[in-house]
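Architecture and fold: a report
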Amino acid sequence: MSCRAGCGACCIAPSITSPIPGMAEGKPAGVRCVQLDGSNLCRLFGDPRRPDVCQRFDYDPELCLDNREQALTVLTQWERATR
Ligand code: SF4
Ligand code: SF4
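Residues numbered from 1 in each chain as written. Chains lettered and ligands numbered in written order. Predicted model: local features only at pLDDT ≥ 70, side-chain atom pairs only at ≥ 80, totals over all residues. Heavy atoms only, no water.

**Some points on the site of ligand 1**
Applied cut-off: Being near a molecule or strand, for a residue, means having at least one of its heavy atoms within 4 Å of it. Put plainly, a pocket is an open set of points on a 1 Å grid over the protein atoms alone with protein on both sides within 12 Å along at least five of seven lines, a cavity is a set where a 1.4 Å probe fits but cannot get out, and a lining residue has an atom within 4 Å of a point. Any molecule with more than half of its atoms within 2 Å of a cavity's or pocket's grid points is regarded as sitting in that cavity or pocket.
Taken together, Cys-3, Arg-4, Cys-7, Gly-8, Ala-9, Cys-10, Phe-57, Tyr-59, Cys-64 and Leu-75 make up all the residues around ligand 1. Structurally, ligand 1 is housed in the largest pocket.

This is the structure we're talking about:
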């Protein structure tokens, strides 16, 4: 299994503390990253400005589950639990 292109749940639900181009303070939980395009793809894919945390986050069947809605739910719960 691998990342679902066009999902983008991990670019919305979790907070990201590293600076992101266009979001100098990082990204609050539940807020869509400004680098997520209209097709829910990262505009910085392959770009060295993409935050390390994004490079390291990989498909995880326990977090990504079977569809975007499930991933948003679980990633939101995970964010609350680790806040
Ligand atoms: S939540 Fe999982 S499947 Fe969805 S974009 Fe992120 S890594 Fe890919
Ligand atoms: S920089 Fe790209 S991978 Fe990282 S949260 Fe934003 S859209 Fe997602």
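What follows picks up the thread again.
**Overview of the site of ligand 2**
Test applied: Note on residue categories: nonpolar means Ala, Val, Leu, Ile, Met, Phe, Trp, Tyr, Cys or Pro, charged means Asp, Glu, Lys or Arg, and polar means any other residue, Gly included.
Near ligand 2 the following residues occur: Cys-11, Ile-16, Cys-33, Gln-35, Leu-36, Cys-42, Arg-50, Pro-51 and Cys-54. Of all the cavities here, the one that holds ligand 2 is the largest pocket. When the residues that make up the shell around ligand 2 are grouped by side-chain class, the tally is seven nonpolar, one polar and one charged.

**Structural notes on the layout of surface pockets**
As a reminder, the rule being used: Grid points are joined across faces, edges and corners, and a volume is the space filled by probe spheres set on the points.
Of the voids in this model, the largest pocket is the one considered here, and its volume is about 790 Å³. Lining the largest pocket are 34 residues, and of these Cys-10, Cys-11, Arg-50, Cys-54 and Phe-57 lie nearest its centre. Of the residues in the lining of the largest pocket, the class split is 24 nonpolar, six polar and four charged.

**Regarding unusual backbone geometry**
Leaving glycine out, the prevailing phi sign among residues is negative, and the prevailing peptide bond configuration is trans. Applied cut-off: In this text, helices come from DSSP runs of H or I with a minimum length of four residues, and strands from runs of E with a minimum of two, each type numbered from the N-terminal end.
A positive phi angle, close to 60°, is found at Asn-40, a residue other than glycine. Within the fold, Asn-40 resides in the segment before α1 (52-56). In this structure, Leu-65 is a non-glycine residue whose phi angle is positive, near 50°. Locating Leu-65 in the fold gives a position in the loop between α2 (61-64) and α3 (68-82).

**Thoughts on α3**
For the record, the criterion: Expected helix span is given by 1.5 Å per residue-to-residue step, counting one fewer step than there are residues. Relative accessible area decides the class of each residue, using a 1.4 Å probe on protein chains only: under 20% of the type maximum gives buried, over 50% gives exposed, and in between gives partly exposed. This arc is built from the directions going out from the helix axis to the C-beta atoms. Throughout, a residue-residue contact means that at least one pair of heavy atoms, one from each residue, lies within 4.5 Å. Any pair of nitrogen or oxygen atoms within 3.5 Å is treated as a polar contact; in protein, a donor-acceptor pairing is required on top of that, and neighbouring residues in sequence qualify only through side-chain atoms on both sides.
End to end, α3 covers 21 Å across 15 residues, agreeing with the expected 21 Å (1.5 Å per residue, within 8%). The complete set of buried residues in α3 reads Ala-71, Leu-75 and Glu-79. Viewed along the axis of α3, the buried residues span an arc of 65°, placing them on a single side of the element. Turned more than 90 degrees away from the buried face of α3, the exposed residues are Glu-69, Arg-80 and Ala-81. Turning to α3, the residues buried within the fold contact α2. For α3, the N-terminal cap is Asn-67; the gap from its side-chain oxygen to the backbone nitrogen of Glu-69 is 3.2 Å.

**Details of the side chain of Asn-40**
What makes Asn-40 buried here is its relative accessible area of 16%. When neighbours within four sequence positions are excluded, Asn-40 is seen to be in contact with Gly-6, Cys-7, Gly-8, Arg-32 and Arg-68.

These results come straight from atomic positions and should not be treated as a statement about function.
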